Every structure is written in structure tokens, then in C-alpha cells.
Amino acid sequence: QVQLVESGGGLVQAGGSLRLSCAASGLTFSSYAMGWFRQAPGKEREFVSAITWGGGNTYYADSVKGRFTISRDNAKNTVYLQMNSLEPEDTAVYYCAAPGRVFRVGVKLAEYNYWGQGTQVTVSS
């Protein structure tokens, strides 16, 4: 079965950086777009970023554009989210996700069928 395992979360001061990783197994990783979502306390889960299967196209929420960078290493079955200039508003549980179909990329929650367990990111002011 498909497994997605996030790591790299933690506590950081505002202005700092973190790099999240998501290791995937149980799927042909190089055929799947990958996405990152986040959910803050009391809020709905929201799109953060996505990357196509070959890494040639990336997508970002307006709130993170210019600060976050998504990338992937298909040889390692891993997708990354480099987060710079972190703000307290970035505090959330971050999830990586894969769509239900190969060669499809999306920015909506409903387009993703497989989810990791999440990793907590806390940004202090």
C-alpha cells in the first residue's frame, strides 16, 4: 500500500527556515505529482505547494510564494519543502499527499487520495 512519511518539522523562530521531507513507498513515485498541504488549529486544511512528476512544474499558494520551494528526488522517492522566512502564520501541521492517478497534478484537497501522517511546524514570534 501507499505510504507517505513526513519529517523535518519542529519549532523555529520567525524569520528562520525548515526543510520538510516526505518519503514515499508503494507507488511508482516518478509517475505521481506530489503536494504539500497544511492545517492550522481551528482551520481547514489548505494547499501549500505541488510539483509535477518530473519536477518540471511547481505550484504555490499565494501566501508562501517566494518563501517556500518544493522539489523532488525521484531516485530517492522523496519530495521536499524548503521553507524560508517563516512567519507565525505558517504554524500548522504539514502533510504531503499524492493524487489518486498518475500524471495528474492539482491544487485542491479532493484531488489527493494518499496522505502522510503530518509533521508539526511551529513558528514563534
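Described in the following lines is the structure provided in the data block. (Residues numbered from 1 in each chain as written. Predicted model: local features only at pLDDT ≥ 70, side-chain atom pairs only at ≥ 80, totals over all residues. Heavy atoms only, no water.)

We now examine the overall build of the protein chain. In terms of regular secondary structure, the protein chain is built from 0 helices and 11 strands. For the protein chain, the succession of helices and strands along the chain, N to C, is β-β-β-β-β-β-β-β-β-β-β. Whereas a compact globule of 125 residues would reach a radius of gyration of roughly 14 Å, the protein chain reaches 13 Å, a difference of no more than 12%. Overall, the protein chain is about 40 × 25 × 25 Å in size when its C-alpha atoms are taken along their principal axes. By residue count, 42% of the 125 residues in the protein chain fall in the buried class. About 6300 Å² of surface is accessible on the protein chain, with carbon and sulfur atoms providing 46% of the total. Each charge class in the protein chain was averaged separately, 11 positive and 9 negative side chains, and the resulting centres sit 7 Å apart. (Helix = DSSP H or I, 4+ residues; strand = E, 2+ residues; numbered from the N terminus. Rg over C-alpha atoms; globule rule 2.2 N^0.38 Å. Buried < 20%, exposed > 50% of the residue type's maximum accessible area, 1.4 Å probe, protein only. Areas by Shrake-Rupley, 256 points an atom, 1.4 Å probe, with all protein chains shown as cover. Lys, Arg positive; Asp, Glu negative; His and termini not counted. Charge placed at Lys NZ, Arg CZ, Asp CG, Glu CD.)

The next point concerns the environment of G9. Tracing the sequence through the fold places G9 in the loop between β1 (3-7) and β2 (10-13). Take G9: its relative accessible area is 34%, and that puts it in the partly exposed class. Put simply, G9 and G118 are 109 residues apart on the chain and 9.0 Å apart in space, counted from C-alpha to C-alpha. Residues within four places of G9 in sequence aside, it is in contact with L18, L20, T119, Q120 and V121. (Contact = heavy atoms within 4.5 Å.)

Spatially, 4 strands are ordered β1-β3-β8-β7 in an open sheet, and the strand pairing comes out antiparallel. Where the open sheet ends on each side, the last strands, each with one partner, are β1 and β7 (68-73). Direction aside, neighbouring strands of the sheet carry axes that sit 15° apart on average. Two elements, β7 and strand β8 (residues 78-83), share 6 bridges in a ladder whose sense is antiparallel. What sits directly across from R72, in β8, is V79. (Pairing = 2+ DSSP bridges. Axes fitted to C-alpha atoms, helices over the stretch in contact; angles between N-to-C directions.)

Turning our attention to the state of the cysteines. Where two cysteines share a covalent bond between their sulfur atoms, that bond is called a disulfide. Within the structure shown, the criterion is met by 1 disulfide. The disulfide partner of C22 is C96, and the S-S distance across this bridge is 1.9 Å. The sign of the S-S torsion, about 40°, decides the handedness of the disulfide formed by C22 and C96: right-handed. Residue C22 is found in strand β3 (residues 18-25), and its partner C96 is found in strand β9 (residues 92-99); the two are separated by 74 residues along the sequence. Look at C22 and you get buried, because its relative accessible area is 0%. (Disulfide = S-S within 2.5 Å.)

For the rest of this paragraph, the subject is the nonpolar core. Counting residues in hydrophobic clusters, the biggest one holds 33 residues, and the most contacted among them are M34, W36, F68, V79, L81, M83 and Y94. With 5 residues, the single largest contributor to this core is β9. (Core = buried A, V, L, I, M, F, W, Y, C linked by side-chain atoms within 4.5 Å.)

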